[in-house]
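Survey of secondary and tertiary structure
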Amino acid sequence: MSTVAAALTVERACVELGGRPILREVSFQLAPGEFCGLIGSNGSGKTTLLRAILGFVRLDSGQIRLADGTTAGRLVGYVPQKIALDPGLPLRARDVVALGLDGARLGPALPSRRRAEQVEQMLHAVGAEAFADQRVGLLSGGQQQRVLVAHALVRRPRLLLLDEPLANLDVRSTAEIVALLRRLSREYGAAVLLSAHDMNPLLPAMDRIVYLAHGSAVAGKAEEVVRTEVLSELYGYHVDVVRVHGRVVVVAAEASDQIRAAVARDPVHTASVP
Amino acid sequence: MFAPFMVHAWLLATIVALVSGAIGFFVVARRAAFPAHALPLGAFPGAAAASLLGVNQLLGLAVFCALGVLVISQLQRGERREVASALWLALSLAAGVLLLSLSGVYAQSINGLLFGQVLGVSREQVVSVAVLSVGALGVLALFARPLLLDSLSGELAAAALGRTGRLEWIFLAMLALTTVIAVPVVGALLVFTLMVGPASAARAFTNRPWRALAGSVALSVASVWGAIALAYLTNWPVGLFVGLLGAACYVSGRLRSAGAVAQAG
């Protein structure tokens with residue numbers, strides 16, 4: 001993979017905040033168009049890693065390289081965590097997408113057909129035409145997420161970072177957003193790095209997983225990484241990777257015993273248990 | 001109403017309304033009503049200090065505004081913006097009490113600083129305000145898009161610009177410049193009305209950002225014109241009508257929003 005220009009290379013990245021290690025020698029690479037889940041529980045360092053890639057947080061050691069060697073700006077699209085859009089703001093969904101295109105530019109926005117076309121195209125790509133002229137703060141969570149994805153993608157970045165985009169979404173919106181991101185990452189050739197505390201909605205879509213625990217990471221294909229031996233070594237204590245009803249659950253040893261007991265009591269509803 | 005001595009008043013008030021209405025759009029978009037109150041009011045002791053030292057009032061306002069921007073922008077990194085603004089207001093008003101007691105400024109000129117002095121302005125004052133206003137509107141036009149993006153989300157703006165925090169600083173500096181322009185004319189207390197009333201009304205009537213900005217400017221100018229006309233007809237103070245019309249704008253906006261929500265729900 002090192003022969004092809006990677007969309008993102010993270011090499012032994014370390015971050016300490018207030019003397020506490022947040023990231024410990026995190027290393028992984030993303031190829032263009034790859035769809036990668038950044039999985040870990042709250043406090044595992046996901047947001048810090050994304051912010052470090054954006055250049056908001058400085059590394060204490062290690063390196064982060066983007067496709068052309070620069071940080072942020074044109075090559076990175078970003079959808080932040082739990083963004084609360086003010087319903088009072090006079091901004092339509094299409095204005096938010098237009099701001100993704102040229103919101104950083106100085107001077108007043110002049111009307112331009114090309115710009116309007118680019119925005120229209122992007123609204124279509126995320127399936128937001130129906131509510132393009134509605135006030136963005138009044139849209140549903142799933143609709144807002146689509147608009148923010150369009151905002152982040154409209155400049156055709158090589159890398160798209162999303163911080164917990166599936167939090168606060170219902171099951172159906174979650175599946176729709178994952179499918180949308182998967183399709184767009186292929187179409188636009190953008191590598192997607194998406195953080196989530198639950199890997200299950202992403203399992204069918206992920207090319208690659210970066211699993212974070214206490215600031216350390218393992219990266220690879222999901223079937224290589226989400227295994228009892230690998231994750232136990234990462235956590236530093238024994239965890240079990242349990243598959244219940246087609247879902248993957250990572251549990252500490254005691255909890256996994258309880259799950260086994262529950263399954264033993266109700267074997268009818270249990271498809272596959274290791 | 002349009003006698004020669006009134007022409008300067010109309011001109012000056014119009015310029016001030018243009019600038020206040022424009023910056024007001026961003027004040028409301030950024031939910032920065034409190035800093036927009038604290039900076040002008042916190043700058044008014046600067047004018048008292050200027051008269052104590054015998055220098056131009058605008059200079060005193062400018063110095064206190066700059067101090068206010070510095071205190072608020074530095075403090076709000078650790079604290080919330082409201083806390084930073086409140087602290088600045090407390091500090092500057094404390095200084096103001098002292099300065100007023102030392103300088104022995106007449107109650108009449110304090111009244112003018114708080115509630116404005118539209119009538120009896122000189123040609124020179126109109127020119128200096130016009131020059132400052134062109135500058136202020138120019139800078140605002142330059143940063144309009146980044147400021148709007150930053151109002152939507154600071155994180156998104158930081159990702160697009162590759163750095164954080166710079167825009168809040170620019171916004172506060174613009175607020176300070178508006179203060180210097182507007183306080184001598186509409187007063188430290190009433191400039192706030194002119195920034196918040198028209199802007200919050202305008203955004204209730206449109207979903208388009210630049211239309212809301214234009215609407216805010218239009219309502220602001222209309223409020224000031226209405227206030228001068230009513231004051232001329234009734235012989236009551238201009239400030240009364242600036243305040244009343246600003247509040248009327250705000251209430252109409254709230255009614256419109258409530259109507260829109262009721263319709264949607």
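Throughout, a residue's number is its position along its own chain's written sequence, starting from 1. Here chains are named by letter from A upward and ligands by number from 1 upward, in the order in which they appear as written. Given that this is a predicted model, residues contribute local features only at a pLDDT of at least 70 and side-chain atom pairs are listed and counted only at 80 or more, while totals for whole chains, interfaces and linings are drawn from all residues.

**Let's talk about the overall build of chain A**
Within chain A, the regular secondary structure consists of eight helices and 11 strands. Counting other C-beta atoms within 10 Å of a residue's own tells you its class, since 20 or more makes it buried, 12 or fewer makes it exposed, and anything in between is partly exposed; those C-beta atoms are placed from the backbone. Expressed as a percentage of the 274 residues in chain A, the buried residues total 41%. Look at the contacts in chain A between residues 6 or more apart in sequence, and 66% of them connect residues 24 or more apart. Each helix is a run of DSSP H or I of at least 4 residues and each strand a run of E of at least 2, with the numbering of both proceeding from the N terminus. The contact criterion used here is simple: two residues whose C-beta atoms, placed from the backbone, lie within 7 Å are in contact.

**Section: the packing of helix α2 (residues 93-102) of chain A against helix α4 (residues 141-153) of chain A**
All names here are of chain A. For helices, the axis comes from a line fit to the C-alpha atoms of the stretch in contact; other axes are also lines fit to C-alpha atoms, and the angle between any two N-to-C directions lies between 0 and 180 degrees. Running from N to C, α2 and α4 point in directions that differ by 25°, and their axes come no closer than 7 Å. The orientation of α2 with respect to α4, classified from their angle, is roughly parallel. With respect to the hand of their crossing, α2 and α4 are arranged in right-handed fashion. Of α4, the residues touching α2 (which contributes Ala 93, Val 96, Val 97, Leu 99 and Gly 100) are Val 147, Ala 150, His 151 and Ala 152. All residues other than Ala, Val, Leu, Ile, Met, Phe, Trp, Tyr, Cys, Pro, Asp, Glu, Lys and Arg, Gly among them, are scored as polar; the first ten of these are nonpolar and the last four charged. Taken together, the residues of the contact of α2 with α4 break down into seven nonpolar, two polar and no charged. Put simply, angles under 35 degrees are roughly parallel, angles over 145 are roughly antiparallel, angles from 65 to 115 are roughly perpendicular, and the rest are oblique. By the definition used in this description, the sense in which the near helix is turned from the far one sets the handedness, with an anticlockwise turn below a right angle giving left-handed and a clockwise turn giving right-handed.

**With respect to helix α9 (residues 166-186) of chain B**
All names here are of chain B. In this analysis, the expected span of each helix is defined as 1.5 Å times one less than the number of residues it contains. The end-to-end C-alpha separation of α9 is 29 Å, in line with the 30 Å expected for 21 residues at 1.5 Å each. Two axes enter the definition of the bend at a residue: one is fitted to the seven residues ending there, the other to the seven starting there, and the bend is the angle between them. At Val 180, α9 shows its largest kink, close to 30°, and the proline Pro 184 lies no more than four residues downstream. For α9, a buried count of 17 out of 21 residues is recorded, marking the element as mostly surrounded by other parts of the structure. Just downstream of α9 lies Gly 187, where phi reads positive at about 90°.

**Comments concerning the environment of B:Ala229**
As for its placement among the helices and strands, B:Ala229 is situated in helix α11 (residues 209-234). Residue classification places B:Ala229 among the partly exposed residues on the basis of 14 C-beta atoms within 10 Å.

**Some words on the interface of chain A and chain B**
If you look at the interface, chain A gives 28 residues, while chain B gives 26 residues. A total of four residues in the side of chain A that touches chain B trace back to one element, the largest contributor, which is α2(A). Taken together, the residues of the side of chain A that touches chain B break down into 17 nonpolar, six polar and five charged.

**A word on the pairing of strand β2 (residues 20-30) of chain A**
Consecutive residues of a regular strand have side chains that alternate between opposite faces of the sheet. Residues and elements named next belong to chain A. Taken together, the seven bridges between strand β1 (residues 8-17) and β2 define a ladder with antiparallel strand orientation. Bridge pairing in β2 links Ala 13 to Val 26. Count of turn residues in the β1/β2 antiparallel hairpin: two residues, of which Gly 18 carries a positive phi of about 60°. In this scheme, strands are said to pair when DSSP sees at least two bridges between them.

**Describing the domain arrangement of chain A**
Residue and element names in this part refer to chain A. Segmentation of chain A into domains returns domain 1 (8-226) and domain 2 (227-274). For every domain, the bounds stem from an assignment made automatically or drawn from a database. For domain 1 and domain 2, the distance between their C-alpha centroids amounts to 30 Å. At the junction of the two partners, domain 1 supplies nine residues and domain 2 supplies eight residues. Secondary structure elements with two or more residues in the side of domain 1 that touches domain 2: β8 (208-213) and β9 (216-220). Looking at the side of domain 1 that touches domain 2 residue by residue, the classes come out as seven nonpolar, two polar and no charged.

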